[in-house]
Amino acid sequence: PTAAIVAGAAAGAFRFWLGGAGAPLGIIVILTAAATGLVLGPILSKRSGGYDLGPLLLLAVAGSGQSMLLLLLPVFVPGIDPWRMIAPHLVTNCIGILILGHFLSADGRRQHAHRLAESQAATDPLTGVGNRRIFERTASIVFSRHEPTALLLVDIDNFKLVNDRWGHDVGDRILRQVANAIQAAVPKNGVVARYGGEEMIV
């Protein structure tokens, strides 16, 4: 939304500065295009940080609909035939939206993949809490501040017996339950991580 507002305002101001009889309509077309993006942006669904072809085509068609405002051109510039301008305007808008949308979607997907990789690198896949790497990184920052800090190392007693008697599936379920219970009890500014096999650290 911020980008649409800034771009619409900048383009509208530039069109106003250029002047001419068609300036008012030009500003209306620019602001309508920005408003279309603002309305459709939250409605169209993204997948993995980008738009698929279907939503992108819908955005291109809707975003080009403002070209029909050129029919109002004779009001501002008498004697001009708007019909010969509409088709090139529509095609140019459609192609521009598709190309720009494709590049923005590709960039969005790259950023999404990067965030996902960072999250996976910092998360224990079994329990969903942090892993040892993220704990050690966070701990070094916290301890460098020389502020009062609590450190807890929680170990599940006789955990090997659980795995031996009931199997690793049950053991994994217990690990997840313990991690969830600890996470729920720790304040938001605390960090919970799986430190070892059945060891949790806070």
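Residues numbered from 1 in each chain as written. Predicted model: local features only at pLDDT ≥ 70, side-chain atom pairs only at ≥ 80, totals over all residues. Heavy atoms only, no water.

Read from one edge of the open sheet, three strands run β1-β3-β2, paired in antiparallel fashion. Looking at which strands have only one partner, the edges of the open sheet turn out to be β1 (153-155) and β2 (193-194). Strand direction decides the pairing type here: β1 and strand β3 (residues 199-201), joined by three bridges, are antiparallel. Across the sheet, residue D155 finds its bridge partner in β3, namely E199. The strands touched by helix α8 (residues 168-185) within the sheet are β1, β2 and β3, with β3 carrying the most contacts at an inclination of about 20°. (Pairing = 2+ DSSP bridges. Helix = DSSP H or I, 4+ residues; strand = E, 2+ residues; numbered from the N terminus. Contact = heavy atoms within 4.5 Å. Axes fitted to C-alpha atoms, helices over the stretch in contact; angles between N-to-C directions.)

Once that is clear, we can look at the nonpolar core. Formed by V129, I156, F159, L175, A179, I182, V186, V192, M200 and V202, the largest nonpolar core amounts to ten residues. The element best represented in this core is α8, accounting for three residues. Excluding residues within four positions of it along the chain, V202 makes contact with F135, A150, L151, L152, I182, V186, V191 and V192. (Core = buried A, V, L, I, M, F, W, Y, C linked by side-chain atoms within 4.5 Å. Buried < 20%, exposed > 50% of the residue type's maximum accessible area, 1.4 Å probe, protein only.)

In this structure, S48 takes a positive phi of about 55° despite not being glycine. Within the fold, S48 resides in the loop between α2 (23-43) and α3 (53-64). Judged by its relative accessible area of 38%, S48 falls in the partly exposed class. Phi angles above zero are rare outside glycine, and H146 is one such case at about 55°. Its location among the elements puts H146 in the loop between α6 (132-144) and β1.

Within the structure shown, the criterion is met by two aromatic pairs. Plain terms: the ring middles of F135 and Y195 are 6.0 Å apart, the flat faces sit at 85° to each other, and that makes the pair edge-to-face. One end of the pair, F135, is in helix α6; the other, Y195, is in the loop between β2 and β3, with 60 residues separating them in the sequence. Residue classification places F135 among the buried residues on the basis of a relative accessible area of 9%. Exposure remark for Y195: the relative accessible area of 23% places this residue in the partly exposed category. It is R132 that lies over the ring of Y195; its NZ or CZ is 4.0 Å from the centre. Sitting over the face of the ring of W166, R165 holds its NZ or CZ atom 5.3 Å from the ring centroid. (Phe/Tyr/Trp six-rings, centres within 6.5 Å; stacked < 30°, edge-to-face > 60°. Lys NZ or Arg CZ within 6 Å of the ring centre and 35° of its normal.)

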